[in-house]
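Architecture and fold: a report
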Amino acid sequence: MGFFEKIKQAFTGEKPAEPTAAEKKYDEGLAKSRQTFGDKLNSLLANFRTVDEDFFDDLEETLIESDVGFETAVKISDELRQEVKLKNAKTKQAVSEVIIQKLIELYEQEGADEDAKLHFATDGPTVFLFVGVNGVGKTTTIGKLAYQLKKTGKRVLLAAGDTFRAGAIEQLAEWGRRVEVPVIQKPARSDPASVVYDAVKRAKTEKFDVLLVDTAGRLQNKVNLMKELEKISRVITREIPTAPQEVLLALDATTGQNALTQAKQFKDVTPVSGIVLTKLDGTAKGGIVLAIRNELHLPVKLVGLGEQLDDLQNFDPEKFVAGLFGGLLQSTDADQQQE
């Protein structure tokens, strides 16, 4: 059973089971995106008369405004032309359901071979390297992940590798104090690789389970950043040959297409294994996740769904789809019953 059938069954079948804490997080965190997408869809269909070229032009514009990306919007629009004819969709509700179904199907297809799990070392310390420009919530993500890993019984160590911004060092140190996790740090302008070296040595010597490494995000100077990240990676791999287990790129969901641009640039600089999508609860454009899948082919591994410590969640595709589209399908079916 595909995503669409699962989600529709959940909202149109028998009364669903009480949602889990994680499902509630997704539902609440995606409320703004779901409402805005629903409003845009309703606005598109408000003047609906027939499925013609003008309709598909308006649909493309609506999808682009929802940050699903230009390529994705065009692809969906082209596929819908055939789907609407095939299903003989003529009413507003029928067309609406076909649109949502196609979005979900495309999302499922693009992520068929995607690995959204975080990978941990089977022996010795696990190392996660975090990259991303300043202001996207990278350091906050590290702090929250440290808290959650510690709750599961893991010994966690942090490394303040963004030494070119004094505020970044202090911010990570404050997170360390807050969640009671040690932080390896040096004065501003120190060599980032030396900080990481000290952190890796301590992680090995004192048998920490996980080392989370913050790095600089000076994307405006890509050559220097590339050299710096390469040096950090060499230091890590020399001490722990299987590390880093993850290179996670933090992106701010509220920046929409700018986040996509950043991701493409960082992919050119360092081998990214997954995305951390922050501030997803603060954006009305949750379609950015579809754009990341369709245009970047990078798995989203963590999502920020609020400001609380436990609002950082492992990315779950089905919970995401339910949170973004479930209510829309429910309202669609209710409207159909009224006609």
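Each remark here, short or long, concerns the structure printed above.
Residues numbered from 1 in each chain as written. Predicted model: local features only at pLDDT ≥ 70, side-chain atom pairs only at ≥ 80, totals over all residues. Heavy atoms only, no water.

Our focus in this paragraph is the overall build of the chain. Within the chain, the secondary structure is distributed over 13 helices and eight strands. The C-alpha atoms of the chain give a radius of gyration of 22 Å, which matches the 20 Å a tight globule of 339 residues would have. By principal-axis analysis of the C-alpha atoms, the chain measures approximately 70 × 45 × 30 Å. The buried share of the chain, reckoned over its 339 residues, is 53%. The long-range fraction of contacts in the chain, counting pairs at least 24 apart against all pairs at least 6 apart in sequence, stands at 77%. Accessible surface computed for the chain: about 15400 Å², of which carbon and sulfur atoms make up 47%. Of the charged side chains in the chain, 45 are positive and 53 negative, and the gap between their average positions amounts to 7 Å. (Helix = DSSP H or I, 4+ residues; strand = E, 2+ residues; numbered from the N terminus. Rg over C-alpha atoms; globule rule 2.2 N^0.38 Å. Buried < 20%, exposed > 50% of the residue type's maximum accessible area, 1.4 Å probe, protein only. Contact = heavy atoms within 4.5 Å. Areas by Shrake-Rupley, 256 points an atom, 1.4 Å probe, with all protein chains shown as cover. Lys, Arg positive; Asp, Glu negative; His and termini not counted. Charge placed at Lys NZ, Arg CZ, Asp CG, Glu CD.)

Moving on: the side chain of Asp162. Position of Asp162 among the secondary structure elements: in the loop between β2 (156-160) and α8 (166-179). In this view, Asp162 contacts Asn134, Ala168, Ile169, Asp214, Thr215 and Ala216; residues no more than four positions away in its chain are not counted.

Among the nonpolar cores identified, the biggest contains 102 residues, and Leu212, Leu277 and Phe320 are the most heavily contacted of them. Sort the elements by how many residues they give to this core and helix α6 (residues 92-110) lands first, with eight residues. When neighbours within four sequence positions are excluded, Leu212 is seen to be in contact with Phe128, Phe130, Ile142, Leu145, Ala146, Leu149, Val156, Leu157, Leu158 and Ala159. (Core = buried A, V, L, I, M, F, W, Y, C linked by side-chain atoms within 4.5 Å.)

Quick look at the pairing of strand β1 (residues 126-131) now. The element β1 is extensively covered by neighbouring structure, given that six of its six residues are classed as buried. Side chains Thr126, Phe128 and Phe130 project from β1 onto one buried face, and the interleaved Val127, Leu129 and Val131 project onto a second face that is buried too. In terms of strand pairing, β1 meets strand β4 (residues 210-214) through five bridges, oriented parallel. Residue pairing across strands places Leu129 opposite Val213, the latter belonging to β4. (Pairing = 2+ DSSP bridges.)

To continue, consider a negative patch on the surface. Among the surface-exposed residues, Asp52, Asp54, Asp57, Asp58 and Glu61 lie close enough to one another that they form a single negatively charged patch. Among the structural elements, Glu61 can be located in helix α4 (residues 53-65). (Patch = residues over 30% accessible without salt bridge, like charges linked within 9 Å, V, L, I, M, F, W, Y side chains within 5 Å. Salt bridge = Lys/Arg side-chain N within 4 Å of Asp/Glu carboxyl O.)

Turning to unusual backbone geometry, a few remarks are in order. Cis rather than trans, the peptide bond between Ala243 and Pro244 has omega equal to -5 degrees. Here Pro244 lies in the loop between α10 (222-239) and β5 (246-252). One non-glycine residue with positive phi stands out, namely Glu180, at about 60 degrees. Relative to the helices and strands, Glu180 resides in the loop between α8 and β3 (183-184). The class for Glu180 is exposed, based on a relative accessible area of 62%. In this structure, Lys207 takes a positive phi of about 55 degrees despite not being glycine. You can see Lys207 is positioned in the loop between α9 (192-205) and β4.

Evaluation of the coordinates by the stated rule reveals three aromatic pairs. Ring geometry for Phe120 versus Phe128: centroids 5.3 Å apart, planes at 55 degrees, classification tilted. The class for Phe120 is partly exposed, based on a relative accessible area of 33%. Above the face of the Phe120 ring, Lys154 is positioned so that its terminal group lies 5.1 Å from the ring centre. Sitting above the plane of the Phe208 ring, Arg155 keeps its charged end 4.1 Å from the centroid. (Phe/Tyr/Trp six-rings, centres within 6.5 Å; stacked < 30°, edge-to-face > 60°. Lys NZ or Arg CZ within 6 Å of the ring centre and 35° of its normal.)

Before going further, it helps to examine the sheet that holds strand β8 (residues 312-314). Here eight strands make up an open sheet; going across it, the order is β3-β2-β4-β1-β5-β6-β7-β8 and the pairing mixed. One side of each edge strand has no neighbouring strand; the edge strands of this open sheet are β3 and β8. Relative to strand β7 (residues 300-304), strand β6 (residues 274-278) runs parallel, the two sharing three bridges. Looking at the pairing, Val276 lines up with Leu302 of β7.

Given a rise of 1.5 Å per residue, 14 residues ought to cover 20 Å, and the 20 Å separating the end C-alpha atoms of α8 matches this to within 8%. Buried residues of α8: Ala168, Ile169, Leu172, Ala173, Trp175, Gly176 and Val179, and no others. Projected onto a plane normal to the axis of α8, the buried residues spread over an arc of 155 degrees and lie on a single side. For α8, the elements touching its buried residues are α7 (138-151), β2, β3 and β4. Glu180 sits one or two residues past α8 and shows a positive phi near 60 degrees. (Expected span 1.5 Å × (residues − 1). Arc of directions from axis to C-beta.)

Keep in mind these values describe shape, not function.
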